[in-house]
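# Descriptive analysis of the structure
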Amino acid sequence: MNAAVSDAYHRRPGERFWPFVLRQFRPSGPLVTPFNVITVGLMLVAAVILAWRFVYGLGSVTNLNQDFAWGLWIGFDVMAGVAFAGGAYVLCFLVYILRMEKYHAIVRVTVLNGFLAYVFYASALLLDLGRPWNVVNPIIGNSFGLTSVLFLVAWHFMLYMGAELIEFSPAIAEWGGFRKLHKVLTALTVGTVVFGITLSTLHQSALGALYLMAKPKVHPLWYSEFIPVLFFVSSIFAGMAMVIFEGGISAKVFADRTGDDVKRSHHRIVIGLARLAGGAMFVYLFLQVVQFVHEAKWNHFEGGWAAWWLVEILGLTAVPMVLFMLGSTRNRMGFIKVAAVLTLLGVLLNRLNLSVIAFKWYAPVHYVPSWQEFVVSAAVLSAELWVFRWVVRRMPVLGGEPAWARAHATQPATVPVVPGAVPAMMQAERR
Amino acid sequence: MDRRFFFKVVGAAAGTTLVGAAPRDAEAAATASRSADDAYGVLVDLTRCVGCRTCEVACASANGLPAPSEADDKPGAPPRATNDTQWTVVNRHDTSKGEVYAKSQCMHCIEPACAAGCLTKALFKTQEGPVVWRADKCMGCRFCMVSCPFDAPKFEYNSWNPKIQKCQMCWERAKANGLPACVENCPNEALTFGKRGELLEIARQRIYQNPGQYVSHIYGEHEAGGTAVLYISPVDFAEVGFRTDLDTTSYPETTRDFLTAVPLILTAFPAFLMGLRQATGRSAEAQDAPHSEA
């Protein structure tokens, strides 16, 4: 814990709430940086594009058409974005269900990442809806489309955002100095985690199940009745790769906000996550082989599509799997970092293949996203990074929670809270 | 005991209030009680169609759509597709038996993928047969367009308040005077409106009684699990641009196992996870020091 840092950011006892919040909105670094200039520019251009889109229709800024109803905003923002946010439920499973304390130090930042990913990417869905004001219909019951996989996705997204907010909320309570509320919110954690893992299992696979009905349109190499299972398994290693990737960046960018226990355990955490990702990728590839044989895919294994399929399966799944395994057994961080990037590209390619590239592969004219679609996607990402940076710079996310908060652990009093217990915890971590 | 039956039993036991099997089965039962062959449909006889495109004009005027352009069916022109301002189009095809004209529109599937996929039931299969669109429910997600094997639903990409546009089999009109506009105005009786079961009988009769005139296939009898619009043709359907690689089971069938597993996972997973947490608890208690939760 770096007490010096946390003291400057937490609300001090007796400090009034609103002046404290106002103080928190003051910029904490220089305003004119390359990152700020580029992202603000993107967001301003996107605002104009979106204003245009809500007046003149989706066709005025996107290349969507009667043959390609879903494009980059679904294939990238939702399909890939939600898979990348899978780290939150996997880490919650490791820490709260399997009680692997080693990963405790990064649960908060991963849950925050997952929550913001859902809020921004899944909410970017609203930009893609033709009649967004009717988005409340499936919630208020006008009408319930119970036969629809999309109905399940909509409800689960909504419920899961709530679950992740509750999972993260102790950090907000610590920041604002709400001690009593903190106790209540902390007590909710395990129940929420169990609910959240269940919801994630279902909606990660449901995103794939959306394409089951598009059977005559998806290239047979990508179509399979296993799609929901493949989506679920790949969300595990997509999430792990994202945690490794952004963890490496956060460690540098937010070094001043990172607690000692995160710094100390970073290396071992990455090794553990790499091993887990490699294992999940092995399961995934095994399933791919099973469905290849089961559904006699060699009948469709020809031409450029076969080569393209191998790029995804061998180049961007099997190769990073081997790198993850070598990296974790031989302690090579370089291998693991390369593997994480390749894995992210592989999952992105897989989601885009199913939803855009190998979708209607027979169409004479194919959909290519317009520049406006790219700008809006980049602006959504920028907005998320701004909020993420604001939260990480101010709330105890990467460590540095106030001392009083440590007493509210949910493992209820199996071990008495004593000040000398922290070194003991570090010994436990070292195993 | 097969897998589906197992899921059904477990799903029903898991509780009927959860999203998943039970309400859908109730709905399926309601549809089954009224046989698909008892609902209305249209038979299209391609041997009788002369490509006059009266149906296109009648459709446009009956549904308040702009009049179809006359210029775009020259020989050699690529086949036109229906779009957001035209619910039906007639295309000319050069086939092994000379020119054949084929009308296309929504097929009004018995189990439509668009309606099964619609999360607000904006696309809705009526008891009478037509699949209709309901503006007050639609949020414009376009999943219907992704799921429809015939690419029937079209979207108004250039409107701030877009509608899903597709043939409604003149449902409102049919309630008043009984005939869809295209059927009523076809000068050559290429189109027949009636109950699907009767249309299948008529189609079979024409095929049997006119040897050599038709291929022995009723398109829509089994395609995509069966459609309310049926076709008979002088040439193979591939020659007139129809998809001949579609499943004979309905496309909602592809998601049935997944949806049936949902209540099972929703109830079994939390119990399993809590059990796992309990199981790991004992060893954790022995070695854990207190630690704050995230």
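Residues numbered from 1 in each chain as written. Chains lettered and ligands numbered in written order. Predicted model: local features only at pLDDT ≥ 70, side-chain atom pairs only at ≥ 80, totals over all residues. Heavy atoms only, no water.

### Topic: the overall build of chain B
Broken down by element type, chain B carries nine helices and nine strands. Looking at chain B as a whole, 51% of its 294 residues are labelled buried. Accessible surface, chain B as shown: approximately 12900 Å² in total, 55% of it carbon and sulfur. (Helix = DSSP H or I, 4+ residues; strand = E, 2+ residues; numbered from the N terminus. Buried < 20%, exposed > 50% of the residue type's maximum accessible area, 1.4 Å probe, protein only. Areas by Shrake-Rupley, 256 points an atom, 1.4 Å probe, with all protein chains shown as cover.)

### Description of the overall build of chain A
Within chain A, the secondary structure is distributed over 17 helices and zero strands. Judged by the C-alpha coordinates and their principal axes, chain A covers about 70 × 55 × 45 Å. A buried classification covers 59% of the 431 residues belonging to chain A. Just so you have it, chain A exposes about 17100 Å², and 73% of that area is on carbon and sulfur atoms.

### What to know about the packing of helix α4 (residues 72-84) of chain A against helix α10 (residues 179-209) of chain A
All names here are of chain A. Packing of α4 against α10 leaves a shortest axis separation of 11 Å and a crossing angle of 150°. Relative to α10, the element α4 lies roughly antiparallel. Where α4 crosses over α10, the handedness of that crossing is left-handed. Of the residues in α10, those in contact with Val78, Met79, Val82 and Ala83 of α4 are His203, Gln204 and Leu207. Partitioned by chemical class, the residues of the contact of α4 with α10 number five nonpolar, two polar and no charged. (Axes fitted to C-alpha atoms, helices over the stretch in contact; angles between N-to-C directions. Parallel < 35°, antiparallel > 145°, perpendicular 65-115°, else oblique. Left-handed = near helix turned anticlockwise from the far one by under 90°. Contact = heavy atoms within 4.5 Å. Nonpolar A, V, L, I, M, F, W, Y, C, P; charged D, E, K, R; others polar.)

### A word on the packing of helix α6 (residues 104-122) of chain A against helix α15 (residues 371-394) of chain A
All names here are of chain A. The interhelical angle for the contact between α6 and α15, taken along N-to-C directions, is 145°, at an axis separation of 10 Å. Of the two elements, α6 crosses α15, and the hand of that crossing is right-handed. Packed against α6, whose contacting residues are Val109, Leu112, Asn113, Leu116, Ala117, Phe120 and Tyr121, the element α15 presents Val380, Leu381, Ala383, Glu384, Val387, Phe388, Val391 and Val392 at the interface.

### Quick word on α10(A)
Residue and element names in this part refer to chain A. Over its 31 residues, α10 extends 43 Å from the first C-alpha to the last, a length consistent with the 45 Å expected when each residue adds 1.5 Å. Its maximal kink placed at threonine 189, α10 deviates by approximately 40°. Among the 31 residues of α10, 22 are classified as buried, and the element is accordingly described as predominantly covered. (Expected span 1.5 Å × (residues − 1). Bend = angle between axes of the 7 residues up to and from the residue.)

### Observations concerning helix α13 (residues 303-330) of chain A
All names here are of chain A. Across its 28 residues, α13 extends 38 Å between first and last C-alpha, which sits within 8% of the 40 Å expected from 1.5 Å per residue. Along α13, the sharpest kink reaches roughly 25°, centred on leucine 310. Positive phi shows up at asparagine 331, right after α13, with a value of about 65°.

### Describing the interface of chain A and chain B
How big an interface is tends to be reported as the loss of accessible area on association of its parts. Chain A puts 87 residues into the contact, and the matching count from chain B is 70 residues. Taken together, the two surfaces of chain A and chain B that pack against each other cover about 7100 Å², and 61% of this comes from carbon and sulfur. By the criterion of area lost to chain B, the three top residues of chain A are A:Gln66, A:Arg131 and A:Met213, representing 13% of everything that side buries. At the junction of chain A and chain B, the tally comes to four salt bridges. Close ionic contact of A:Lys217 with B:Asp151 constitutes a salt bridge, the shortest N to O distance being 2.8 Å. Inspection of the region where chain A meets chain B yields 37 residue pairs in polar contact (both at pLDDT 80 or more). Listing elements by their share of the side of chain A that touches chain B, those giving two or more residues are α3 (34-56), α5 (87-97), α6, α8 (137-140), α9 (149-176), α10, α16 (403-406) and α17 (421-430) of chain A. The leading source of residues in the side of chain A that touches chain B is α10(A), at eleven residues. Of the residues belonging to the side of chain A that touches chain B, the class tally is 51 nonpolar, 22 polar and 14 charged. (Buried area = accessible area lost by both parts, 1.4 Å probe. Salt bridge = Lys/Arg side-chain N within 4 Å of Asp/Glu carboxyl O. Polar contact = N/O pair within 3.5 Å; in protein donor to acceptor, adjacent residues only side chain to side chain.)

### Points about the pattern of salt bridges
Within the structure shown, the criterion is met by 22 salt bridges over all chains. For B:Arg206, the salt bridge is made with B:Asp45, and the minimal N-O distance between the two is 2.8 Å. Taken together, the residues span a long stretch of sequence, with B:Arg206 in helix α8 (residues 196-209) and B:Asp45 in strand β1 (residues 40-45) at a distance of 161 residues. With respect to burial, B:Arg206 and B:Asp45 carry one shared label: buried. Here B:Arg92 ties to B:Asp94 by a salt bridge, and the two come within 3.6 Å at their closest N and O atoms. Each of A:Asp67, A:Lys217, A:Lys360 and B:Asp151 takes part in one network of salt bridges that share partners.

### Description of the sheet that holds β1(B)
All names here are of chain B. The three strands are arranged β8-β1-β9 in an open sheet whose pairing can be described as mixed. The open sheet has two edge strands, β8 (191-195) and β9 (229-232), and neither has a second partner. Pairwise comparison of adjacent strand axes, ignoring direction, gives a mean angle of 25° for this sheet. Taken together, the four bridges between β1 and β9 define a ladder with parallel strand orientation. In the sheet register, valine 44 faces β9, and the bridge partner there is tyrosine 231. Running over the sheet, α8 touches β1, β8 and β9 and is turned about 135° from β8. (Pairing = 2+ DSSP bridges.)

### Considering the pairing of strand β3 (residues 98-104) of chain B
Two strands pair when backbone bridges link them, and strand β2 (residues 89-95) of chain B and β3(B) are joined in this way by seven bridges, in the antiparallel orientation. The partner of B:His93 across the bridge, within β3(B), is B:Val100.

### Side note on the environment of A:Tyr89
Residue and element names in this part refer to chain A. Inspection of the secondary structure assignment puts tyrosine 89 in helix α5. Spatially, the C-alpha atoms of tyrosine 89 and threonine 198 are 9.0 Å apart, while their sequence positions differ by 109 residues. The residues touching tyrosine 89, leaving out its near neighbours within four places in the chain, are Tyr160, Ile197, Ser200, Gln204, Phe232, Ser235 and Ile236.

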